[in-house]
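Descriptive structure summary
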Amino acid sequence: MGRYSFFLVIAMALVWITLTETLDWSALAIGLLIGAFCIYFSDMFLPKIEGGRVKFTKLLLYPFYIIGQVYLAGFVMIKYIIKGADYQMVPVKTTLKAEALRVMLMDSMTFVPGSVSVDLNDDIITSLWIFDKGTDLKKLGPDKVSELAKGGLEKQLAKADVDAHEGVEK
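The notes below deal with the structure included here. This is a predicted model, so every value here is computed, not measured.

1. Side note on the environment of V116
As for its position among the elements, V116 is in strand β2 (residues 115-121). In this structure V116 comes out as partly exposed when scored by relative accessible area, which is 40%. Not counting chain neighbours up to four residues away, the residues in contact with V116 comprise T110, T126, S127 and L128.

Rendered as structure tokens:
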């Protein structure tokens, strides 16, 4: 178990204490034990993610950002529903190098109202995207469609992509 695994065990124990609503030594011990088992079994059975380094400290404010995006996109979807909406499967190209960040982008796009991501293949996310009925996707072009489908999510996640900024920082 590495240093990050220790922090994950502590975090899982705190979640356990919150869920049980009990603040005593037995609840803490059980939470630590459950957390350790979860980390052990995930290390044993889940595949390791390769292909990029992520600076997770840059993502501390990301949950708050995405909650704001959920509300903003919700209001846009209400407008589309009232005025009329169309949908289409679109390929969304990402520039993120780290596999973990690409998966986070795909999940974030699904979490925010207006799109459902169905496939991730290297740097292409296939997504069912809802848009204004009057929008001509062919006229916009694939690059503009990708930018609109991602919104500002990729820009926020790119701050944590160590490999993408490696040449800039040196």
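2. Section: unusual backbone geometry
Even without a glycine there, the phi angle at E21 is positive, about 55°. For E21, the position within the fold is in the loop between α1 (3-20) and α2 (25-45). The backbone phi angle of D122 is positive, close to 55°, even though this residue is not glycine. When you line up the elements, D122 lands in the loop between β2 and β3 (124-132).

3. Points about the pairing of β3
Remark: a regular strand shows side chains that alternate across the two faces of the sheet. Pairing of strand β1 (residues 85-93) with β3 involves nine bridges; the strand directions are antiparallel. Looking across to β3, one finds that K93 is bridged to I124. Pairing of β2 with β3, which is carried by six bridges, proceeds in the antiparallel orientation. Across the sheet, residue D119 finds its bridge partner in β3, namely T126. In textbook terms, the turn of a hairpin is the stretch between consecutive antiparallel strands, and for β2 and β3 this stretch comprises two residues, one of which, D122, has a positive phi near 55°.

4. As for the pattern of salt bridges
Under the defined criterion, the tally for this structure stands at four salt bridges. Across the salt bridge formed by E99 and R102, the nearest N and O atoms sit 2.4 Å from each other. Here E99 and its partner R102 are both found in helix α4 (residues 99-111), three residues apart, which amounts to about one turn of the helix. Among the salt bridges present, the one from K150 reaches E154, with a minimum N-O distance of 2.6 Å. There is no split in this pair, since K150 and E154 are both buried. Here the salt bridges share partners, and the residues they tie into one network are E147, K150 and E154.

The rules behind the values
- Residues numbered from 1 in each chain as written.
- Predicted model: local features only at pLDDT ≥ 70, side-chain atom pairs only at ≥ 80, totals over all residues.
- Heavy atoms only, no water.
- Helix = DSSP H or I, 4+ residues; strand = E, 2+ residues; numbered from the N terminus.
- Buried < 20%, exposed > 50% of the residue type's maximum accessible area, 1.4 Å probe, protein only.
- Contact = heavy atoms within 4.5 Å.
- Pairing = 2+ DSSP bridges.
- Salt bridge = Lys/Arg side-chain N within 4 Å of Asp/Glu carboxyl O.

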